[in-house]
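Structural description and commentary
The chain contents come next:
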Amino acid sequence: SINYDQIKAAAVYHPKPQNIKYTYGTAGFRMKADLLDSVIFRVGILGVLRSKKLDSKTIGIMITASHNPEQDNGVKLVDPYGEMLEQSWEDYATLLANAQTEDDLVDVIKQIISKNDIDESKPASVVYARDTRPSGPALVSALVDGLKALNAKIIDFGIKTTPQLHYVTRCYNTQGTMDSYGEPTEEGYYKKLAIAFRKIVVGKPRLSPIYIDAANGVGAPKMRELAKHIGNDNLEVILINDDYTTQGKLNYQCGADFVKTGQKLPFGCSIKYQDRAASFDGDADRIVYYYVDEDGTFRLLDGDKIAGLAGGFIIDLVKTAGLEGINVGVVQTAYANGSSTTYLEKVLNVPVSCVPTGVKHLHHEAEKYDVGVYFEANGHGTVLFSQKALKTIQSVKGQTAEQENAIEKLRALTDLINQTVGDALSDLLLVEAILTNRQWTLKQWDQAYSDLPNRLVKVVVENRHIFKTTDAERKLVEPAGLQEQINKLVSEYKDGRSFVRPSGTEDVVRVYAEAATREECDKLAYKVAGLVY
Ligand code: NG1
Ligand code: ZN
């Protein structure tokens, strides 16, 4: 049972700073690390309550601030099957974080317990991990204080990528069942991916080396470990920006976000024509690919391109396997390049849904398909296989050798892809497996369609909350009249498209624009930003 005096006594060591309002948003809690001590202590408490509520299932907690600067940190809760925390509980996280005194804190805990009919006597179990940030260890000890105050079973998973924590959470909760997701260890993760990868590329010549910019983060040691399990015969990896121990380097002028936003090579990367490269972000849940053309032009292959590549490959396999009953769909956000949507709908003939920004929206929409491919343009995404699809792929027998071969590849894909969340390591192997099968260069992959020139700008406004959107964030309903002005501007540009939405993770409004030429696109972005400002 819960001992409230014990909680209060522990909470004294993790006081909430005055005059700060915390919000559990799209990325959990995220801010300067020195403001997070009390928040993380309370997130520990919430993890325990969530575990009690879900019949003692193991809850995951990840301490990371992804692509944000090194001095930031953050924390996110992970539900039993590796999904993001259920949305209704985000409010409890916010309430707990903002309880000012120890007594307020106890009140909020009691409120959560009574609202959710939680049986206090149920045991609780929590697994946690952190990325390589210097603020990590101190925040972990705040977390552990919160967990201990409620007598939870604590599993320390150490330094890991965010997707590894999602993976292990699902493993703990499916161990020994029909849906066992794998061995709940880091080793188990590498083995699962490596075996699946080798199955898909067997008999195909190895591609040229892949340069990986690991953002000087946790992806560096983990990718190195994964590559060891795969072996050099099937994949040749060259890590750059892999210094995860020197302070000040994490995400600095490198990583997937830097490359995608700046549309340029990361620091320390001097690839030449025909070289192949990819960038992870700081917690290795995002990936983008890129190369330079004959004339030295930088070419980005972002999340949209990965969705096209993966969607096309899976559709081909499903067809070849003769599994007509399995439908494949792709989920995007408004930030998907217009050319990618046209390619998916018109060339691949797949249904495409557009949802609001944020992984949880993409994930839920992708669950509606038998095979749901979802990617954000920024490189975060994965593929979900429904129970029906999994069962079919596991049990079906091919009539011909060709069918059997396609079925075996699909089967391996269900293991290769981290279905809990977007995973840079798993997504890298997915792309490498497809390119190896097709024997494609990055340029050949890129030729599926040409991106429309696009621009994303941030506008700092007095109050971003006055901007209200509809239609998967593609239109503004408030402030009144602004959308009409945007429409008018957009109509003046060939292939023009632009939309405005408040960020869910930063105190800014984002303006996105695309148009037929770089010049027109930049002009459109600039003019729309002018309307917002
Ligand atoms: P916001 O700040 O709400 O635009 C950003 C990314 C999202 C998603 C979240 C979570 C863009 C334009 N937005 O959201 O795609 O990754 O962060 O990290 O890239
Ligand atoms: Zn990330």
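Brief notes about the overall build of the chain
Summing up its helical and strand segments, the chain has 18 helices and 19 strands in all. Over its C-alpha atoms the chain spans a radius of gyration of 23 Å, differing by no more than 12% from the 24 Å that the globule rule assigns to 533 residues. By its C-alpha atoms, the chain is 65 × 55 × 45 Å across when sized along the principal axes. Split into buried and exposed, the 533 residues of the chain put 59% on the buried side. Contacts in the chain between residues far apart in sequence, at least 24 positions, make up 70% of those at least 6 positions apart. As displayed, the chain has an accessible area near 21600 Å², and 50% of this comes from carbon and sulfur atoms.

Description of the packing of helix 8 (residues 219-230) against helix 15 (residues 424-438)
As a packed pair, helix 8 and helix 15 sit with axes 10 Å apart at the nearest point and diverge in direction by 40 degrees. The orientation of helix 8 relative to helix 15 falls into the category oblique. As for the relative orientation of helix 8 and helix 15, their crossing is right-handed in sense. Contacts between helix 8 and helix 15 involve K222, M223, L226 and I230 from the first element and L425, L428 and L429 from the second. Looking at the contact of helix 8 with helix 15 residue by residue, the class counts come to six nonpolar, no polar and one charged.

Overview of the coordination of the zinc ion (ligand 2)
Only S66 (OG), D281 (OD), D283 (OD) and D285 (OD) from the protein coordinate the zinc ion (ligand 2), and they sit 2.0 to 2.1 Å from it. Note that the zinc ion (ligand 2) binds four donor atoms; their angles at the metal cover 87 to 170 degrees, and the shape is irregular. We note that the donor set of the zinc ion (ligand 2) lies within a single chain, spaced as S-x214-D-x1-D-x1-D. Since its relative accessible area comes to 7%, D285 is described here as buried.

Considering the pattern of salt bridges
This model, assessed by the stated rule, comprises 35 salt bridges. Across the pair D275 and K272 runs a salt bridge, and its minimum N-O distance is 4.0 Å. D275 sits in the buried class, given a relative accessible area of 18%. One network of salt bridges, in which partners are shared, links D293, E294, R299 and K443.

What to know about helix 7 (residues 186-201)
Over its 16 residues, helix 7 runs 23 Å from end to end, which matches the ideal 22 Å to within 8%, given 1.5 Å per residue. By the burial criterion, the buried members of helix 7 are E186, G188, Y189, Y190, K192, L193, A194, A196, F197, I200 and V201. Close packing links the buried residues of helix 7 with strand 5 (153-159), helix 6 (162-174), helix 8, helix 14 (401-416) and helix 15. Count one or two residues on from helix 7 and you reach G203, which has phi positive near 85 degrees.

Overview of the site of ligand 1
If you check the shell around ligand 1, you find R286, Y335, T357, E376, N378, L456, R501, S503, G504, T505 and R510 and nothing else. When the free accessible area of ligand 1 is taken as 430 Å², the share hidden by the protein chains comes to 87%. Partitioned by chemical class, the residues of the shell around ligand 1 number two nonpolar, five polar and four charged. Here the shell around ligand 1 spans two domains, and each of domain 3 (303-446) and domain 4 (454-532) adds at least three residues to it.

Describing the packing of aromatic side chains
This model, assessed by the stated rule, comprises 11 aromatic pairs. Between Y189 and Y190, the ring centres sit 5.5 Å apart and the planes meet at 75 degrees, which makes this aromatic pair edge-to-face. We classify Y190 as buried; its relative accessible area is 1%. In textbook terms, an aromatic cluster arises when at least three aromatic residues are bridged by ring pairs, as seen for Y167, Y181, Y189 and Y190. If you follow K110 out to its NZ or CZ, it ends over the ring of Y4, 4.7 Å from the centre.

Here's the deal with the side chain of N116
As for its placement among the helices and strands, N116 is situated in the loop between helix 4 (102-115) and strand 4 (125-130). A polar atom in the side chain of N116 sits 2.9 Å from the backbone oxygen of I112. With near-sequence residues (within four places) excluded, N116 lies in contact with K53, W89 and Y92.

Re the sheet that holds strand 18 (residues 497-502)
Hydrogen bonds along the backbone pair up the strands of a sheet, which may run parallel or antiparallel. Pairing is antiparallel across the open sheet formed by three strands, whose spatial order is 15-19-18. Each edge of the open sheet carries a strand with a single partner, namely strand 15 (454-459) and strand 18. The average angle at which neighbouring strand axes cross in this sheet is 15 degrees, direction not considered.

Points about the packing of helix 10 (residues 303-321) against helix 14
For the pair helix 10 and helix 14, interaxial distance at closest approach is 8 Å and the crossing angle is 140 degrees. Taken together, the axes of helix 10 and helix 14 lie oblique to each other. Remark: the crossing between helix 10 and helix 14 carries left-handed chirality. Contacts between helix 10 and helix 14 involve F313, I314, L317, V318, T320 and A321 on the former and, on the latter, E402, Q403, A406, I407, K409, L410 and L413. Residues of the contact of helix 10 with helix 14, tallied by class, amount to nine nonpolar, two polar and two charged.

Rules used throughout
- Residues numbered from 1 in each chain as written.
- Chains lettered and ligands numbered in written order.
- Predicted model: local features only at pLDDT ≥ 70, side-chain atom pairs only at ≥ 80, totals over all residues.
- Heavy atoms only, no water.
- Helix = DSSP H or I, 4+ residues; strand = E, 2+ residues; numbered from the N terminus.
- Rg over C-alpha atoms; globule rule 2.2 N^0.38 Å.
- Buried < 20%, exposed > 50% of the residue type's maximum accessible area, 1.4 Å probe, protein only.
- Contact = heavy atoms within 4.5 Å.
- Areas by Shrake-Rupley, 256 points an atom, 1.4 Å probe, with all protein chains shown as cover.
- Axes fitted to C-alpha atoms, helices over the stretch in contact; angles between N-to-C directions.
- Parallel < 35°, antiparallel > 145°, perpendicular 65-115°, else oblique.
- Left-handed = near helix turned anticlockwise from the far one by under 90°.
- Nonpolar A, V, L, I, M, F, W, Y, C, P; charged D, E, K, R; others polar.
- Donors = N, O, S within 2.8 Å, 3.2 Å for Na, K, Ca; no water.
- Tetrahedral: all angles 85-135°; square planar, octahedral: opposite > 155°, others 65-115°.
- Salt bridge = Lys/Arg side-chain N within 4 Å of Asp/Glu carboxyl O.
- Expected span 1.5 Å × (residues − 1).
- Near = heavy atom within 4 Å.
- Domains from an automatic or database assignment.
- Phe/Tyr/Trp six-rings, centres within 6.5 Å; stacked < 30°, edge-to-face > 60°.
- Lys NZ or Arg CZ within 6 Å of the ring centre and 35° of its normal.
- Polar contact = N/O pair within 3.5 Å; in protein donor to acceptor, adjacent residues only side chain to side chain.
- Pairing = 2+ DSSP bridges.

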